[in-house]
Amino acid sequence: MKKVLIVITFFLAAKAAIAQKELLPFDENNKYIYYQVVDQANLIADTMYNRALYFLKTAYPKLKVTQNQTNESITGTGKLVVTSTLLLKHEDGEINFNYTIESKEHKYRFWLTDFIFKPYKTDRYGKSVSVDGIEIPLESGAAKLTKKQIDSYLDQTGAYSKQFGDKLKQYMVKTSSLKKEAPIKKISTKDW
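Residues numbered from 1 in each chain as written. Predicted model: local features only at pLDDT ≥ 70, side-chain atom pairs only at ≥ 80, totals over all residues. Heavy atoms only, no water.

Right, let's talk about the overall build of the protein chain for a bit. A tally of regular secondary structure across the protein chain gives three helices and seven strands. Moving toward the C terminus, one meets the helices and strands of the protein chain in the order α-β-α-β-β-β-β-β-β-α. Taking all 192 residues of the protein chain together, 33% fall into the buried category. Summarising the internal contacts of the protein chain: among those between residues at least 6 apart in sequence, 55% fall at separations of at least 24. Of the roughly 13400 Å² that the protein chain leaves accessible, carbon and sulfur atoms contribute 56%. (Helix = DSSP H or I, 4+ residues; strand = E, 2+ residues; numbered from the N terminus. Buried < 20%, exposed > 50% of the residue type's maximum accessible area, 1.4 Å probe, protein only. Contact = heavy atoms within 4.5 Å. Areas by Shrake-Rupley, 256 points an atom, 1.4 Å probe, with all protein chains shown as cover.)

Structure, rendered in structure tokens:
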């Protein structure tokens, strides 16, 4: 009975790992991408744009944000730290990515792409720091990394991308938005 439970557990774990890899298909440029289009029948483009900004400033404040002049799209860069567990969990490196959020009338879309792995090394103080000059796109990672590493990084990237998308969907449904700054009360010293 124990053997059957162990086999079922491993089967479910393998199934979950395969599902994470399916989250990152290739786009027309042969790069991994997490892409979704979401319909919001009751929202206009400006509202979705403001909610996307609010989402980025509150849920992911460390991401760099670049706003479009026409208030239709938000682009930026970010990074996630990937770990490995041989005996102990430690940081292997970081994966830098680009993201885009665009809004139109009654729908929005977002995608994360350009995943680039930067390995970490341990400096003389025992801290993990990125190695200068080494950047490996995940698409060509099989040449420089092991299969186990690539699978692990793709799983972690897929899970992060799915979490990013799920949080964005939650923020798009909320009615809260960026707080408007209160006008500053000025006192005139000329009139008394």
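We are not done yet, so read on.
Let us look at the pairing of strand β3 (residues 73-85). Alignment of strand β2 (residues 64-67) against β3, held across four bridges, turns out to be antiparallel. Pairing of K64 across the sheet is with T77, part of β3. In this structure, the hairpin formed by β2 and β3 is closed by a connection of five residues, where N71 is found at a positive phi of approximately 60°. Relative to strand β4 (residues 89-104), β3 runs antiparallel, the two being bridged by 13 bridges. Residue pairing in the sheet places T77 in a bridge with N98 of β4. (Pairing = 2+ DSSP bridges.)

With that out of the way, let us pick up the pairing of strand β5 (residues 107-122). Inspection of the sheet shows strand β1 (residues 33-39) paired to β5 by seven bridges, in the antiparallel sense. Bridge pairing links V37 to R109 in β5. For β4 and β5, the ladder comprises eleven bridges, and the chain directions are antiparallel. Paired with Y99 across the strands is L112, a residue of β5. The antiparallel hairpin formed by β4 and β5 contains two residues in its connecting segment, where H106 sits at a positive phi of about 70°. In the sheet, β5 pairs with strand β7 (residues 136-137) via two bridges, with the strands oriented antiparallel. Among the inter-strand pairings, I116 is bridged to a residue of β7, identified as P137. In sequence, β5 turns back onto strand β6 (residues 128-130) through a hairpin of five residues, with G126 there showing a positive phi of about 85°.

With that settled, the discussion passes to the nonpolar core. Core analysis: the largest hydrophobic core is formed by 36 residues, its most contacted members being F110 and L112. Sorting elements by how many residues they give to this core places helix α3 (residues 147-173) first, with eight residues. (Core = buried A, V, L, I, M, F, W, Y, C linked by side-chain atoms within 4.5 Å.)

What follows is about the packing of aromatic side chains. Two descriptors summarise a pair of aromatic rings, namely the distance from one centre to the other and the angle between the planes of the rings. Considering all chains together, one arrives at 15 aromatic pairs under this definition. With a centroid separation of 6.0 Å and 50° between ring planes, the pair formed by Y99 and F164 is classed as tilted. Of this pair, Y99 sits in strand β4 while F164 sits in helix α3, and the two are 65 residues apart along the sequence. Note on accessibility: Y99 and F164 belong to one class, buried. Ring geometry for F117 and Y153: centres 4.7 Å apart, planes at 20°, overall stacked. Separated by 36 residues along the polypeptide, F117 in strand β5 and Y153 in helix α3 bring together distant segments of the chain. (Phe/Tyr/Trp six-rings, centres within 6.5 Å; stacked < 30°, edge-to-face > 60°.)

With that out of the way, let us pick up the environment of P119. The residue P119 is located in strand β5 in this model. A C-alpha to C-alpha distance of 6.5 Å links P119 and E94, two positions 25 residues apart in sequence. Ignoring anything within four residues of it in the chain, the contact list for P119 reads D92, G93, V129, S130, V131 and I134.

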